[in-house]
Protein chains: 2
Amino acid sequence: MSDSLLQALRGIVGDAHVLRPQDQDLSAYEQDWRRRYHGRSLAVVRPASTAEVAAVMRLAHEQGVPVVTQGGNTGLVGGSVPDASGTQILLSLQRMNRLRGVDPANLTLTAEAGMVLQLVQQAAAQAELLFPLSLAAEGSCTLGGVLATNAGGTQVLRYGNARDLCLGLEVVTADGQIWEGLSGLRKDNTGYDLRHLFVGSEGTLGVITAATMKLYPRPRARMTALAACASLQAAVDLLSLAQQHCASALTGFEVMNELSLQLVARHFPHLTQPLSGHAWTVLLELSDAENEAHARAQFEGMLEQALEQGLIDDAAIAENLTQSHAMWHLRESIPLAQAEEGLNIKHDISLPVSRIPEFVTQCDAALAQAFPGARLVNFGHLGDGNLHYNLQAPEGVSAAEFLGTHEHAVNQLVFDHVQTHGGSFSAEHGIGALKRDELAQRKSPVALQLMRAIKQALDPKGLLNPGRML
Amino acid sequence: MSDSLLQALRGIVGDAHVLRPQDQDLSAYEQDWRRRYHGRSLAVVRPASTAEVAAVMRLAHEQGVPVVTQGGNTGLVGGSVPDASGTQILLSLQRMNRLRGVDPANLTLTAEAGMVLQLVQQAAAQAELLFPLSLAAEGSCTLGGVLATNAGGTQVLRYGNARDLCLGLEVVTADGQIWEGLSGLRKDNTGYDLRHLFVGSEGTLGVITAATMKLYPRPRARMTALAACASLQAAVDLLSLAQQHCASALTGFEVMNELSLQLVARHFPHLTQPLSGHAWTVLLELSDAENEAHARAQFEGMLEQALEQGLIDDAAIAENLTQSHAMWHLRESIPLAQAEEGLNIKHDISLPVSRIPEFVTQCDAALAQAFPGARLVNFGHLGDGNLHYNLQAPEGVSAAEFLGTHEHAVNQLVFDHVQTHGGSFSAEHGIGALKRDELAQRKSPVALQLMRAIKQALDPKGLLNPGRML
C-alpha cells in the first residue's frame, strides 16, 4: 500500500482505526465464520460515521482500490471477507452502531448498519414493540449485514425477510456520494425502488450505512405445539388448515423428518421429545394479540380438526413458556446434532410449498439410488417453502471421504431437482463467493445480463466486493 | 410510419391488432382517464402473447421506435398514453389476459399482465382465497398496470402495496428478450431483486407481461366501525391502540375531516351519517379469521378502552354487512362530493404517521394565511400515513379562477411542508408525465443520478415510455 493512501485513510478515520495485517492478527476480519475463506486485506478500515464512509469510498474510487464491506462477519457464503491478494480494503462498519431513533406511533426504528441485530430487537422491546427478524447469529450479526444479504430466519412466515421489514436506507455509493434514502413511509411512489436494489446485493452495489425498519405491536401471548404427520403432504395440508384458522397469528411452521429428531435423541439424550417415532414432526407457533387462553383455544380447535381430517396422528401443545422453549430447542438442536454426527452436505433450498412433497419423494429416491446408504436430514421452514435438505454420509462410512468424493455430484443432483420443481438453490444464505459459479450456471442468462448491466451502472470500476455474486 | 414497419407489426400480431389513428378513433387508448393528456400514437399494437410482445420490442429496438405500454389506461398521472408526436407505438396488453394458474397450497396466483384486477380477485375467490389488492378502478385496471405503478388502495395497512404482493415477474426487456422471472417462492436469495426494480417503474425499464402474486386465506368475518375523534392526534393514538389490540386483523383505518363529511351530507343527503359534527371521523375495518362474534367482541373491547382513555367521543359498530357497506360508502363518496362541489386541487401525499398531526396543523395554518377562505377536504388512509389533502376554492369564489391563479403555489406550499416532515409528494399515484418536474425538483440528486444510471443500463436507447418519470 502506498504511504499516501495509508496516510489518507488514517486522516479520515483516525490512526487507531486503520489496522494492517503486517502489524497484528486480523483473522477475525479476514476469515469467514465457517472458516472456509481466509483472506488478507490491504487494511481494515473502521469508520465511525456516514461521512467517514463516504470519504473512504471517494478515496478508494479515485485510487481504484477494491472495497469489501463487513458487518458482523457471520455470513455463510464467504461474501464478507477479502480475497487473498492483499489489495482490498476491508471496510468494517462495526463502529457505526448507533440507534438513531424509535418512532412508536409510526412503528419504525432507524439505526446504523453496524448495530447488532439483538440490540435492535432490544431497542424495539424497550418501546414495548417487536422487531421480528430473528436468526441464530443475532448476537453478533449486524443490521447492515442482514440487509445486504436479505436474511430470513424463523419469523418469515408472518413478517417476511429482511427486505420486507425495510422502509428506507442510507447508502454510500461506489464513488462516495451519500444517498439519503431513510424513510418512515409505507407508501412512496416517487421513482425506482432503489432500496430493494441495495437490499440483498451483498455489498456489490453500494455500502448500506443506516436503515429505517418496520416495528410491530408485541403479541400478548406466544404458544408452541408439535404435531405428528405420516407424510409430507399431510404436513402441507396442515399448513393450509393452520393458515385458514389462525391467519397471521401463525408465526412459525417448521418441519423435521424422523432422522433429524433421531440424531437429536442420539447426541442430546437429555432433551425430552414429546412426540417420537413419526415420519414427520411439525412445530407450530402462534403469536396471539389477545392472551394465552385464546391462543390455546385456537390451537386446540385447529388441531382437533386436523385429527378429524386425518392430517395428524398426534399433537402436543406446550403447557407453559418452558415447554415452548423446549420445543424450539429441539428444532434448533438439529444442526448441532448433525455436526456431532459428522461432516455433512448442507442445502439451503426453497420451493413452492405445493411442490415440496413431490420434490422430496423424487429427490430422496434419486439420492438413494446414486449414493446408497446416504442419510437425509431434512428439516426447515416449511411455511416459507425453505428446507435445509442435508445429506449425512452412510453409517460407518468416513464422512470426510464421502464428501471429498461426492459433494459436487450430490449438489448437482439436488439443485437439478430443485430447478425442475421451480425452486431456488439459495433460499436465505445468498451467493457470496461460495455459490457464484452456481449462479452463473443456473440463473437465466437474461437475469444475469440485467444484473451485470446494473452492476456496471452503479459500480463502473468494479471496486465493490469484486468476485462476489457476479 | 414506414410501410415496412407497419407490415412487420402486422406480421407479428395480425392485421386486426395494429390500429392506426388515420383509420379510426383511438381516443380510448390515446387519452388518459382524467382527460388531461391527449396523445397521438404511431399505431396501437395489441399482442396476445409474451412471444408477440418480445417480437414487437425487438422490432422497435432495431428501428429505434419509442414504445408506451398500456394496461387498463386508468392511471392518474398521464403515464400510459402516447405523446402528441405520432411517433410512439402504443403497446396495449389487454389481450394478454389469461389466468395461468392458481396454486392454493402455495397461496399464489399467476396471471398475464392484461388481466383485469377484479377478475384476478374473482379467480382467487373461486379458490376460496383472497387477493387483497383493491382500488376504485379495479373493474378496468389490469394486473400489469397495478404492478407498473405499484398501486395501493384500501388494504395496504394489512397487505401492503402491489409490490408487496408480487413474488415473481415475466418481463420483456427493451431489446426484446424475455426474462422468465415468474416464481412462487417466498425466499430466494440468488442475485439482485429485479422484480422490485420493474415494479413501480411505470413502463420505463421493461414490459411486465405476467406475474405471480400472493394470495391469503379469506377472513371469516369483516366488520366496520366509525369513531369520532376531537383531534388528529387522538386519531393517531387510536391507531396505535387498535394495532395493539387487533394486530393484523385491522385491515382498514381511514380518516375523514369534518368538511369532507359535510360535503357528503350536502351533495348526497340520502346517505345516513351515524356520527356527525365531529372534527375527525375514523373508519375502522376488522378482518377476522374466526367469526363475526369474535370481531364484534374485539371492536367493543378496543373502543371501550379508547373511550376510557379519552381518545374517542363516540363510536358506532356496524350491525350487519349492509351497515358496513354504508360506512365505506360514506368514505368513498368524498371524492364524488368534492367533484359536485367544484374543481379542486388534489394531493396524494404520505408522511410518517407520527408526523401527521403536526404537519396538518402547520400546513392548514399556512394555507389559511396564504389563501384565505380556501377549504381543506382532508381524508385518506391514515393507517398508511397516506392523506388525500385536497383544497377546495373558498365558498362563493369561482373554482376555475381560483385554480388557474393559485394551483401551482398551493402545490408548492403543500409539498414544501410535506418535505419538511419527511413525507412524499406522491404516495400511490406515481410520477408519469404529471409529476415529472416535481420529481426532478424534489428527489435527492443522488437518487436521481442512480435512477438515470439504471435507466441508461436497461434502456440505453431511451425508447421505453420516454418523457415519463425521468
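Just so you know, these numbers come straight off a predicted model, no measurement behind them. (Residues numbered from 1 in each chain as written. Chains lettered and ligands numbered in written order. Predicted model: local features only at pLDDT ≥ 70, side-chain atom pairs only at ≥ 80, totals over all residues. Heavy atoms only, no water.)

1. Some details on the overall build of chain A
Right, so step 1: Check the secondary structure of chain A and you find 15 helices and 19 strands.
Right, so step 2: Projected onto its principal axes, the C-alpha coordinates of chain A cover approximately 75 × 55 × 45 Å.
Right, so step 3: Across the 470 residues in chain A, those meeting the buried criterion constitute 62%.
Right, so step 4: Within chain A, the 48 negative side-chain charges are centred at a point lying 7 Å from the centre of the 34 positive side-chain charges. (Helix = DSSP H or I, 4+ residues; strand = E, 2+ residues; numbered from the N terminus. Buried < 20%, exposed > 50% of the residue type's maximum accessible area, 1.4 Å probe, protein only. Lys, Arg positive; Asp, Glu negative; His and termini not counted. Charge placed at Lys NZ, Arg CZ, Asp CG, Glu CD.)

2. Comments concerning the packing of aromatic side chains
All names here are of chain A.
Right, so step 1: Per the counting criterion, the structure on display carries ten aromatic pairs over all chains.
Right, so step 2: Ring geometry for Phe 371 and Phe 402: centres 6.4 Å apart, planes at 80 degrees, overall edge-to-face. One end of the pair, Phe 371, is in the loop between α12 (356-370) and β18 (375-381); the other, Phe 402, is in helix α13 (residues 399-420), with 31 residues separating them in the sequence.
Right, so step 3: Given the relative accessible area of 8%, Phe 371 is considered buried.
Right, so step 4: Owing to a relative accessible area of 5%, Phe 402 belongs among the buried residues under this scheme. (Phe/Tyr/Trp six-rings, centres within 6.5 Å; stacked < 30°, edge-to-face > 60°.)

3. Regarding unusual backbone geometry
Residue and element names in this part refer to chain A.
Right, so step 1: Backbone geometry at Asn 73 places phi at a positive 55 degrees, although glycine is not the residue there.
Right, so step 2: Along the chain, the position of Asn 73 falls in the loop between β3 (67-70) and β4 (89-92).
Right, so step 3: Overall, Asn 73 belongs to the buried group, its relative accessible area being 9%.

4. Quick notes on the sheet that holds strand β10 (residues 207-214) of chain A
Residues and elements named next belong to chain A.
Right, so step 1: Reading across from one edge, β5-β6-β10-β8-β9 is the order of the five strands in this open sheet, with antiparallel pairing throughout. Looking along the sheet, the strands with just one partner apiece sit at the ends: β5 (99-103) and β9 (178-181). For this sheet, the mean inter-axis angle between neighbouring strands, taken without regard to orientation, is 10 degrees.
Right, so step 2: Across four bridges, the pairing between β5 and strand β6 (residues 108-112) is antiparallel. Bridge pairing in β6 places Gly 101 opposite Thr 110. (Pairing = 2+ DSSP bridges. Axes fitted to C-alpha atoms, helices over the stretch in contact; angles between N-to-C directions.)

5. Details of the confidence of the model for chain A
Right, so step 1: For chain A, the mean per-residue pLDDT works out to 97, and 100% of the residues sit at or above 70.
Right, so step 2: Two numbers describe this predicted complex: its pTM, 0.97, and its ipTM, 0.97. (pLDDT = per-residue confidence, 0-100.)

6. A short note on the pairing of β6(A)
All names here are of chain A.
Right, so step 1: Counted residue by residue, β6 has five buried out of five residues, so it is predominantly covered.
Right, so step 2: Going residue by residue along β6, you find Thr 108, Thr 110 and Glu 112 tucked away on one face and Leu 109 and Ala 111 tucked away on the opposite face as well.
Right, so step 3: Hairpin connection between β5 and β6: a loop of four residues separates the two successive antiparallel strands, and Leu 107 in this loop has a positive phi of roughly 55 degrees.
Right, so step 4: Strand direction decides the pairing type here: β6 and β10, joined by five bridges, are antiparallel. Within β10, the residue paired with Ala 111 across the bridge is Ala 211.

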